[in-house]
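# A closer look at the structure
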Amino acid sequence: MAPVAEYVNVLIYLGVALFIGVAALVAGALLGPKKPGRAKLMPYESGNDPAGEVKRFPVHFYVVAMLFILFDVEVAFLWPYAVSAGGLGLYGFLGVLAFTLLLFVGFLYEWWKGVMRWH
Amino acid sequence: MSYLLASALLFALGVYGVLTRRTAILVFLSIELMLNAANLSLVGFARAHGLDGQVAALMVIAIAAAEVAVGLGLIVAIFRHRESTAVDDLSELRG
Amino acid sequence: MTLAILAVFSVALTLLGFVLPPQGVKRATLLGLALALLSLLLTWGKPFAFGPYTVDGVSQVFTLLALLGALWTVGLVRSRRFEFYLLVLYAALGMHLLASTRHLLLMLVALEALSLPLYALATWRRGQGLEAALKYFLLGALAAAFFLYGTALFYGATGSFLVGTPGQGPLYALALGLLLVGLGFKVALAPFHFWTPDVYQGSPTPVVLFMATSVKAAAFAALLRVASPGVPDALSLLIVLSVLLGNLAALGQKEAKRLLAYSSIAHAGYMALALYTGNAQALGFYLLTYVLATGLAFAVLSEVSPDRVPLESLRGLFRKDPLLGLALFLASLSLLGLPPLAGFWGKYLVFLEAAKAGQWGLLVLALLTSAVSAYYYLGLGLAVFQKGEAEALPRPWARNVALLVALLLLLLGLFPGSLLPALAAGS
């Protein structure tokens with residue numbers, strides 16, 4: 001059996017799923033009654049009236065997330081090295097050592113800068 | 001050939017996003033899309049030209065992460081400064 | 001060697017910054033940059049290669065220019081946070097790397113290594129600086145994406161990441177075009193220039209000095225390598241747009257930094273003329289005169305005000321401080337390319353290259369727009385002699401450097417031959 005033919009079922013399924021999804025949305029938009037009012041458009045806050053704009057902005061989450069991305073992605077280099085560490089020998093090892101050292105310097109900078117302190 | 005087409009499509013989508021989106025984060029997202037389009041074609045070409053392309057894709061991921069860190073930092077700083085990230089609101093510098 | 005010095009200093013200072021006072025970090029940064037410069041001069045004309053890192057004539061000439069800009073920037077700034085100096089050092093490292101490789105991936109890494117610190121530097125003053133930095137960042141990231149896609153297509157067309165690999169077909173042409181777009185953003189060639197005026201106006205002036213001189217030098221080194229096997233046809237279009245838009249838009253400017261931004265776009269167009277013959281000597285000399293003159297202009301502006309500098313606020317600068325006034329006057333004349341100054345020889349050499357390549361149309365256009373540029377350069381240069389109340393609080397160090405560079409501009413203009421052989425030995 002040709003490999004493409006195996007996927008015909010999936011394609012049909014995809015088509016049907018797409019149709020139902022779109023049809024439901026379109027039908028809802030066309031048939032549903034629309035009576036927007038002030039109370040309906042207000043953001044829902046546990047039944048109370050909204051207390052105005054929220055000024056506080058938890059930046060700390062973002063900083064930690066950004067640092068996570070950085071250190072997380074560096075694993076992308078360590079993983080291929082781990083797979084072929086034997087073949088690369090001393091040269092590869094020194095290279096990875098230098099790489100890790102640089103990463104460690106960045107980590108120390110982050111630490112001493114006080115980013116890890118959570119208040 | 002299909003991977004090339006897909007990557008070109010993705011790249012075009014990214015360019016379209018950069019040109020039409022008005023929020024810094026969405027513009028940035030579109031740029032990331034373009035980076036990943038390049039990644040896709042690198043990996044695709046690697047089938048014909050050997051492993052170099054796949055290694056390149058890894059490096060691109062790291063570069064993109066570095067960009068994200070700086071870019072998000074900037075966007076957060078701007079948001080804290082003026083509570084909006086719409087590119088159109090940034091029009092102090094004209095002339 | 002240069003790479004090792006820059007790398008060791010930047011990594012060591014990342015940690016030492018926590019124990020040293022900011023002034024100490026500044027001195028150490030200056031020392032590191034000076035040592036890198038020294039090592040460059042000691043190995044002048046001697047090629048060196050380690051893997052994809054290749055130091056040759058092009059790399060040496062353009063790294064020298066980038067390091068000059070970095071030294072100047074660090075010298076002008078007095079920052080309470082040591083990160084400022086560190087970021088300049090990291091960017092200088094990226095610039096050296098960008099100028100010293102034929103490997104497209106390494107070029108991309110270097111491009112990011114020089115851009116990311118600059119995005120952060122552009123934010124140094126909050127408020128307006130943030131807006132400039134966001135623009136710079138988004139367009140810079142876009143440029144990197146174009147460059148990367150060009151790299152991917154180049155790899156697909158030739159099976160290699162080394163620029164200069166011969167190839168043909170639409171894929172290859174498209175790849176070169178995309179690489180050109182990516183680097184065109186960095187050197188501010190029109191139509192990829194639109195970030196330049198805003199970013200130059202919104203960023204702190206010493207940082208603008210760095211952007212206008214060092215970044216341009218490093219990116220042009222890469223451009224020289226990318227365009228070496230044969231210039232893409234699109235380049236002539238970029239040059240035409242750059243010299244026209246840059247010069248014409250500069251005519252109406254009322255703010256010195258914006259004016260110089262448009263001038264830098266026009267200059268990028270003139271420099272690109274040398275790409276047709278790939279003559280690193282002519283391009284290097286032009287960039288040297290450009291770096292000295294633009295750097296001098298921005299250095300004077302940064303002594304007048306760290307913020308915006310409307311042309312009116314320059315009036316009376318000569319009366320207030322004759323040296324600074326004269327320096328700005330000489331810098332704008334050199335940028336214009338008036339004969340007794342170095343800028344003239346830079347333009348002469350580059351236009352000669354265009355003539356050798358048979359690009360007569362471009363040459364005529366370049367000459368005409370040069371004549372047009374006299375209007376705004378003279379406006380900038382003569383403003384210092386007009387009556388007015390200019391404010392300036394120059395520090396002795398900045399004045400001495402300004403004097404030195406102004407003298408250098410004159411000397412290079414009078415004896416251009418004294419330096420050309422050295423540049424030729426380098427390239």
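This one's a predicted model, so the numbers in the text were calculated from it and none came from an experiment.

### Points about the overall build of chain C
Helix and strand counts for chain C stand at 18 helices and 2 strands. Relative to the 2.2 N^0.38 estimate, which gives 22 Å for 427 residues, the radius of gyration of chain C is 20 Å and therefore close to what a compact globule would have. The dimensions of chain C, computed from C-alpha atoms along their principal axes, are 60 × 55 × 45 Å. Buried residues in chain C amount to 65% of all 427 residues.

### Some words on helix 9 (residues 205–226) of chain C
Residue and element names in this part refer to chain C. The terminal C-alpha atoms of helix 9, which comprises 22 residues, lie 31 Å apart, in line with the 32 Å expected from a rise of 1.5 Å per residue. Taking the largest bend as the criterion, helix 9 deviates by roughly 25 degrees, centred on Val-215. The element helix 9 is extensively covered by neighbouring structure, given that 22 of its 22 residues are classed as buried.

### Describing the interface of chain C and chain B
At the interface, 38 residues of chain C touch 42 residues of chain B. Taking both partners together, chain C and chain B bury about 3,400 Å²; carbon and sulfur atoms supply 78% of that area. A per-residue breakdown of the area chain C buries against chain B is headed by Glu131(C), Tyr149(C) and Tyr155(C), which together make up 20% of the total. On the surface where chain C and chain B come into contact, there are 0 salt bridges. For the side of chain C that touches chain B, the element with the highest residue contribution is helix 6 (residues 128–158) of chain C, accounting for 20 residues. Among the residues making up the side of chain C that touches chain B, the classes are represented as 23 nonpolar, 8 polar and 7 charged.

### So, the interface of chain A and chain C
Interface size is often expressed as the accessible area that is lost when the parts come together. Across the boundary between the two partners, chain A contributes 7 residues, which contact 7 residues of chain C. Both sides together, the interface formed by chain A and chain C hides about 690 Å², and carbon and sulfur atoms give 82% of it. Considering only the surface of chain A that becomes buried against chain C, Val105(A), Tyr109(A) and Trp112(A) emerge as the three largest contributors, covering 69% of it. Summed over the shared surface of chain A and chain C, the number is 1 salt bridge.

### Let's talk about the packing of aromatic side chains
Following the criterion strictly, the structure yields 31 aromatic pairs over all chains and no others. Taken together, a centroid distance of 5.8 Å and an interplanar angle of 45 degrees make the contact between Phe107(A) and Trp111(A) tilted. One end of the pair, Phe107(A), and the other, Trp111(A), are both in helix 5 (residues 85–112), 4 residues apart, so they sit about a helical turn from each other. Aromatic side chains Phe18(C) and Phe82(C) sit 5.5 Å apart centroid to centroid with 65 degrees between the ring planes, which places their arrangement in the edge-to-face category. Taken as a pair, Phe18(C) in the loop between helix 1 (2–16) and helix 2 (22–42) and Phe82(C) in the loop between helix 3 (57–76) and helix 4 (83–99) lie far apart in primary sequence, 64 residues in all. The class of Phe18(C) is partly exposed, set by a relative accessible area of 28%.

### Overview of the side chain of Glu67(B)
Looking at the element boundaries, Glu67(B) is found in helix 3 (residues 52–82). There is no salt bridge for the buried Glu67(B), and the closest opposite charge comes from Lys186(C), which lies 7.9 Å off by N-O distance. Excluding residues that lie within four positions of it along the chain, Glu67(B) makes contacts with Phe28(B), Glu32(B), Leu35(B), Glu112(C), Leu116(C), Phe137(C), Ala141(C) and Ala144(C).

### Side note on the pattern of salt bridges
Residues and elements named next belong to chain C. For the structure shown, the criterion picks out 6 salt bridges over all chains. A salt bridge links Lys-135 to Asp-198; the shortest N-O distance between them is 3.0 Å. In this pair, Lys-135 is assigned in helix 6 and Asp-198 in helix 8 (residues 196–202), connecting sequence segments 63 residues apart. The buried category is assigned to Asp-198, whose relative accessible area is 10%. For Asp-198, the salt bridge identified is with Arg-258, shortest N-O distance 3.3 Å. Placement of Asp-198 in helix 8 and of Arg-258 in helix 11 (residues 256–272) is noted, with a sequence separation of 60 residues between them. If you follow the salt bridges from partner to partner, you end up with Lys-135, Asp-198 and Arg-258 in one network.

### Comments concerning the environment of Val215(C)
Residue and element names in this part refer to chain C. Mapped onto the elements, Val-215 comes out in helix 9. You can call Val-215 buried: its relative accessible area is 2%. When the C-alpha atoms of Val-215 and Leu-314 are compared, they prove to be 27 Å apart, with 99 residues separating the residues in sequence.

### Observations concerning unusual backbone geometry
Most peptide bonds adopt trans geometry, and most residues besides glycine take a negative phi value. Residue and element names in this part refer to chain C. Note the cis peptide between Ala-190 and Pro-191, where omega equals 5 degrees. Counting through the fold element by element, Pro-191 comes out in the loop between helix 7 (169–187) and helix 8. Not every positive phi belongs to a glycine, and Ala-188 is a case in point at roughly 65 degrees. Along the chain, the position of Ala-188 falls in the loop between helix 7 and helix 8.

### Section: the packing of helix 4 of chain C against helix 9 of chain C
Residues and elements named next belong to chain C. Viewed as axis vectors pointing N to C, helix 4 and helix 9 meet at an angle of 15 degrees, and their least axial separation amounts to 8 Å. Comparing the axis directions of helix 4 and helix 9 gives the class roughly parallel. Relative to helix 9, helix 4 is oriented so that their crossing is left-handed. For the pair formed by helix 4 and helix 9, the contact residues are Phe-84, Val-88, Ala-91, Ala-92, Met-95, Leu-98 and Ala-99 on the first element and Val-207, Phe-210, Ser-214, Val-215, Ala-218, Ala-219, Ala-221, Ala-222 and Arg-225 on the second.

### Here's the deal with the side chain of Thr2(C)
Residue and element names in this part refer to chain C. Structurally, Thr-2 can be placed in helix 1. Judged by relative accessible area, Thr-2 falls into the buried class, the value being 5%. Only 3.1 Å separates the side chain of Thr-2 from the side chain of Ser-39, close enough to count as a polar contact. Leave out the neighbours within four places in its chain, and Thr-2 touches Ala-36, Ser-39, Leu-40, Leu-67 and His-96.

### Re helix 5 (residues 104–122) of chain C
Given a rise of 1.5 Å per residue, 19 residues ought to cover 27 Å, and the 26 Å separating the end C-alpha atoms of helix 5 of chain C matches this to within 8%. By the criterion of burial, helix 5 of chain C is predominantly enclosed, with 16 of the 19 residues buried.

### Thoughts on the UniProt feature "transmembrane region" (unreviewed entry) in chain B
Residues and elements named next belong to chain B. Following the UniProt record, the feature "transmembrane region" (unreviewed entry) maps to residues 27–48 and 55–79 here. Structurally, residues 27–48 comprises 100% helix and 0% strand, and the distance from its first C-alpha atom to its last is 33 Å. Note that residues 55–79 is 100% helix and 0% strand, and that its end C-alpha atoms are spaced 36 Å apart.

### Examining the nonpolar core
Residue and element names in this part refer to chain C. Core analysis: the biggest nonpolar cluster contains 205 residues, and Phe-62, Phe-220, Leu-287 and Leu-314 have the highest contact counts within it. When residues of this core are assigned to their parent elements, the largest contribution, 19 residues, is made by helix 6. The residues touching Leu-314, leaving out its near neighbours within four places in the chain, are Ala-256, Leu-301, Val-304, Val-309, Leu-328, Leu-380, Ala-383, Val-384 and Ala-390.

What counts, and at which threshold
- Residues numbered from 1 in each chain as written.
- Chains lettered and ligands numbered in written order.
- Predicted model: local features only at pLDDT ≥ 70, side-chain atom pairs only at ≥ 80, totals over all residues.
- Heavy atoms only, no water.
- Helix = DSSP H or I, 4+ residues; strand = E, 2+ residues; numbered from the N terminus.
- Rg over C-alpha atoms; globule rule 2.2 N^0.38 Å.
- Buried < 20%, exposed > 50% of the residue type's maximum accessible area, 1.4 Å probe, protein only.
- Expected span 1.5 Å × (residues − 1).
- Bend = angle between axes of the 7 residues up to and from the residue.
- Contact = heavy atoms within 4.5 Å.
- Buried area = accessible area lost by both parts, 1.4 Å probe.
- Salt bridge = Lys/Arg side-chain N within 4 Å of Asp/Glu carboxyl O.
- Nonpolar A, V, L, I, M, F, W, Y, C, P; charged D, E, K, R; others polar.
- Phe/Tyr/Trp six-rings, centres within 6.5 Å; stacked < 30°, edge-to-face > 60°.
- Lys, Arg positive; Asp, Glu negative; His and termini not counted.
- Axes fitted to C-alpha atoms, helices over the stretch in contact; angles between N-to-C directions.
- Parallel < 35°, antiparallel > 145°, perpendicular 65-115°, else oblique.
- Left-handed = near helix turned anticlockwise from the far one by under 90°.
- Polar contact = N/O pair within 3.5 Å; in protein donor to acceptor, adjacent residues only side chain to side chain.
- UniProt positions renumbered as here; feature names shortened; annotations may be inferred.
- Core = buried A, V, L, I, M, F, W, Y, C linked by side-chain atoms within 4.5 Å.

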